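# A closer look at the structure
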Amino acid sequence: MRIIHYIDSIKAGNLLSDYLLRLTTAQKEYADVKTVTQQGDFKKLLADFQPDIVHIHTCWEYQAATHANWAAKKQCAVVFSPHWELDERARTTEQKSTKKVKTLLYQAKMVRGVDALLVSNEQERQDILKLGWTKRIDIVQDSVLNSSLSDDDMALQTISFYRKVLDTHYQWRKMQFQVCFTLVWHKRQPTISCPATNF
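What the protein contains, in helices and strands, is seven helices and six strands. Within the protein, the fraction of its 199 residues that count as buried is 40%. A fraction of 67% describes how many contacts in the protein between residues 6 or more apart in sequence connect residues 24 or more apart. Carbon and sulfur atoms make up 53% of the accessible area of the protein, which amounts to about 12000 Å² in all.

Structure below.
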């Protein structure tokens, strides 16, 4: 499995950065993993690496929504982890007006368009379900916040989640192909008229 993680930036001592570094280090035992930030060339990495999964870890940034869209167009499964940025407090107290505009322009569309969301606990899941944007949300706890969970266990649970997403993604693409094929096939068939019957 090939995985790209996208985050706006990695900063020493930052909780999200620490989480991502621990996750990717542990995932490298089980998959081919790359991480890219705003300063990296996401489009080139996407083309060269050809990932199975693109995992976005940035919320409220247009560039993250654009990257999710590019990955989807390349037939990659896209997972989004908002890291509590979609809960009510984050939406309504921090840059409230700006986030309302971003919601209308791209954030809600991004959430609806990704294959699934991955959150760290049931409360975060419930907060996102209340928005009504998606029901495709799963939970893998964060080993940075839960000392009883090892980095390796977090990585294995995340990879198991990715496999589930890939299976669903594949089935969805297969169903879309079948529908398109059926529509094209029926357009090519001559119209069959039924002879009139007299009763």
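Resuming the write-up.
Largest kink in helix α5 (residues 96–113): about 65°, centred on Thr103. Close packing links the buried residues of α5 with β3 (53–56), α3 (62–73), β4 (77–80), α4 (88–93) and β5 (116–119).

It is worth spelling out unusual backbone geometry at this point. One non-glycine residue, His83, lies in positive phi territory at about 50°. Examined against the element boundaries, His83 turns out to sit in the loop between β4 and α4. Of note, Trp84 is a non-glycine position whose phi angle comes to about 70°, a positive value. Note that Trp84 resides in the loop between β4 and α4.

A few words now on the side chain of His5. Along the polypeptide, His5 turns up in strand β1 (residues 2–6). You can call His5 buried: its relative accessible area is 0%. At a separation of 2.7 Å, a polar atom in the side chain of His5 contacts the side chain of Gln27. When residues no more than four places from it in sequence are discounted, the contact partners of His5 are Leu20, Leu23, Thr24, Gln27, Val33, Lys34, Thr35, Val36, His55, His57 and Tyr162.

Let's shift gears to the confidence of the model for the protein. Confidence along the protein averages 88 in pLDDT terms, with 84% of residues attaining 70 or more. Low pLDDT (under 50) marks residues 191–199, which in the prediction has zero contacts with non-local residues, meaning those over four places away or in another chain.

Let us now look at the side chain of Ser17. Tracing the sequence through the fold places Ser17 in helix α1 (residues 15–27). For Ser17, a relative accessible area of 1% corresponds to the buried category. A polar atom in the side chain of Ser17 sits 2.9 Å from the backbone nitrogen of Lys11. Not counting residues within four places of it along the chain, the set of residues in contact with Ser17 comprises Ser9, Ile10 and Lys11.

Attention shifts here to the sheet that holds β1. Spatially, β2-β1-β3-β4-β5-β6 is the arrangement adopted by the six strands of the open sheet, whose pairing is parallel. Only two strands of the sheet have a single partner each, and these edge strands are β2 (32–36) and β6 (137–139). For this sheet, the mean inter-axis angle between neighbouring strands, taken without regard to orientation, is 25°. In the sheet, β5 pairs with β6 via three bridges, with the strands oriented parallel. Bridging from a neighbouring strand, Leu117 pairs with Ile137 of β6.

A separate point is the environment of His55. Summarising the element assignment, His55 is placed in strand β3. Relative accessible area serves as the criterion here: at 0%, His55 is assigned to the buried category. For the pair His55 and Ser81, spaced 26 residues apart in the sequence, the C-alpha separation amounts to 7.4 Å. Ignoring sequence-local partners within four residues, the contact set of His55 consists of Ile4, His5, Tyr6, Val79, Phe80, Ser81, Leu118 and Tyr162. Among the polar contacts listed, one links the side chain of His55 to the side chain of Tyr162, at a separation of 2.5 Å.

Rules and cut-offs
- Every chain's residues receive numbers from 1 upward, in the order its sequence appears when written.
- Local features in a predicted model are, by the rule used here, given only for residues with pLDDT of at least 70; side-chain atom pairs are given and counted only at 80 or more, and totals for whole chains, interfaces and linings are based on all residues.
- Only hydrogens and water are removed before side-chain values are computed, so all heavy atoms of the structure are retained for them.
- By the criteria applied, helices consist of DSSP H or I runs no shorter than four residues and strands consist of E runs no shorter than two, each listed in order from the N terminus.
- Buried means the residue's accessible area, taken with a 1.4 Å probe over protein chains only, is under 20% of the maximum for its type, while exposed means over 50%, and partly exposed covers the values in between.
- We call two residues in contact when some of their heavy atoms are within 4.5 Å.
- Working definition of accessibility: Shrake-Rupley area with a 1.4 Å probe, residue cover restricted to the visible protein chains.
- Note that the bend at a residue is defined as the angle between axes fitted to the seven residues ending at it and the seven residues starting at it.
- Counted as a polar contact is a pair of N or O atoms within 3.5 Å, where, for protein atoms, one must be capable of donating a hydrogen and the other of accepting one, and residues adjacent in sequence contribute only when both atoms are in side chains.
- Confidence of the predictor at the level of single residues is given by pLDDT, which spans 0 to 100.
- Note: two strands are recorded as paired if DSSP finds a minimum of 2 bridges between them.
- Helix axes are fitted to C-alpha atoms over the stretch in contact, other axes to C-alpha atoms as well, and angles between N-to-C directions run from 0 to 180 degrees.

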